[in-house]
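Residue-level structure breakdown
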Amino acid sequence: MNPPLNPITPITAATAADPYPYYAGLVARQALYFDQTLRMWVASSADVVTAVLQHPHCRVRPAAEPVPLALLGSAAAEIFRHLVRMNDGAGHCPFKQAVVGTLEAFRAQQVAEHGDQAAQFLFEQCNLAAEPRRLTEFSFRLPVYVVARWLGMPTENWPHIAIWIDAFVRGIAPGGSVEQVAHGTLAAQHLIDLFHLHLVKQPDQQIDGSSGLALLARQARLIGCTDHAPVIANAIGFITQAYEATAGLIGNTLINLHRQPAIRSQVLADPALLAPLIQEVLRLDPPIQNTRRYLVADTQIAGQRLKAGDAILLLLAAANRDPAVNLHPAHCDLRRPDRTNFSFGSGLHACPGAAIAAGIAAAGLKKLLASAVAYEQLIDTVHYRPSVNARIPEWKDSHDCSHLK
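The following paragraphs examine the structure supplied in this document.

1. Points about the packing of aromatic side chains
Each pair of aromatic rings is reported with the distance of its centres and the angle of its planes. Following the criterion strictly, the structure yields nine aromatic pairs and no others. Between F121 and Y145, the aromatic rings sit 6.2 Å apart at their centres with planes inclined by 40°, giving tilted as the arrangement. Placement of the pair is F121 in helix α5 (residues 108–125) and Y145 in helix α6 (residues 135–151), with a sequence separation of 24 residues. Seen from their ring centres, Y145 and W158 are 5.4 Å apart, and the 45° between their planes marks the pair as tilted. In this pair, Y145 is assigned in helix α6 and W158 in helix α7 (residues 158–172), connecting sequence segments 13 residues apart. Each residue in the set Y20, Y22 and Y23 is aromatic and connected to the rest through ring pairs, giving one cluster.

Shown next, in the form of structure tokens:
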């Protein structure tokens, strides 16, 4: 007899074949509970997730460990400790003003133009018409190339940035191996050196004053920050935040189109439906499935008493399918009114780059659908990139950028 399959857990759900019935059960029966195995609270319903995301005692990092211990003393730590999204209080504000001000300058039209051009370039570079198996490479590189271009990084650096971003993201992810942390640390130093070169060492006349990197430095000075370290870290953060979210969104949208031929026909007939489809996939099958918060004081949430130091795993993907906020949550509705979506968070740490990630994904999907890439033949080979919080399809012969090192 074959051994029983391992049951889905709040952590393994992110990469399970179909985690959504499991999530629905948690929403209905265990909206907030303490998981003895994980040694943390698990929040799943829309009201509880909202309460945690907006609670002043819930922080993005443990009070005693602002930087993961495995990263201390490394270049990866130097990036991590300056990221606005990984800080609260003085480390979060006012520098978030600089981040938001910079991202607001990246207009939707500019995102679309950069996205279209990068999608065309990568489509040809990956030879997707003949090699659809390279979809993974296309999906991961697209956000890197678009954001790197906007930041003002030279074209010849983009492939290397893609390699380093991938290693860095894997190295700082929860549960990363010793080897992944080591590779991520090396990649972080390469990224810091490259961005430092273009921010500090280049003569002023060679710096593109309209680039995202220059804009962030200018916004930082407006709030009295003359230190280059947070500017460089958060510029790198612009790429890392778009990286997995965009790649996962492209892949999950393609999978959902395959599963729902009627919707695929509608989108192919009316490209204007692509934007609402992306928003619905972000709710229905999001690339980022969960996030974490840490208590800095004793408090009560949803009738449960939590203590300072407790950790909470927020199942964003479960909250997205809570029928209390989205009727018929398992149904893909391109015209869903008042869509509630937790995929990019809410409250102080709501992601200011959500529209950018969606815009880049739209550019990639538009190119793939218009070119009729035969991704359907790869559906049976899809697996999900190993992760404790992200749901990112990787296609047959997953991308390997090592030849560019």
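2. Some points on the nonpolar core
Core analysis: the biggest nonpolar cluster contains 96 residues, and L151 and F195 have the highest contact counts within it. Top element by residues in this core is helix α10 (residues 228–259). It accounts for 15 residues. If sequence neighbours within four positions are ignored, L151 has contacts with F195, S211, G212, L213, A235, F238 and I239. Ranked by size, the runner-up nonpolar core spans 17 residues in total, among them L53, L295, L306 and L316.

3. Details of the environment of L122
Positionally, L122 belongs in helix α5. For the pair L122 and F138, spaced 16 residues apart in sequence, the C-alpha separation works out to 6.1 Å. Setting aside anything within four residues of it in sequence, one finds L122 in contact with N127, F138, R141, L142 and Y145.

Conventions we followed
- One numbering rule holds for all chains: residues counted from 1, following each sequence as written.
- Local features are withheld for residues below a pLDDT of 70 in this predicted model, meaning they are given only at 70 or higher, and side-chain atom pairs are given and counted only at 80 or more; totals for whole chains, interfaces and linings count all residues.
- Heavy atoms throughout the structure, all of them, feed into the side-chain values; hydrogens and water do not.
- Centre distance within 6.5 Å is the pairing criterion for rings of Phe, Tyr and Trp, where only the six-membered ring of Trp is used; planes under 30 degrees apart are then read as stacked, over 60 as edge-to-face, and the remainder as tilted.
- Segments assigned H or I by DSSP are reported as helices when at least four residues long, segments assigned E as strands when at least two residues long, and all are numbered from the N terminus.
- Put simply, a nonpolar core is a bunch of buried Ala, Val, Leu, Ile, Met, Phe, Trp, Tyr and Cys residues held in one set by side-chain atoms that sit within 4.5 Å of each other.
- Relative accessibility under 20% of the residue-type maximum defines a buried residue, over 50% an exposed one, and the middle range a partly exposed one, all with a 1.4 Å probe and only protein chains included.
- Here, two residues are considered to be in contact whenever any of their heavy atoms come within 4.5 Å of each other.

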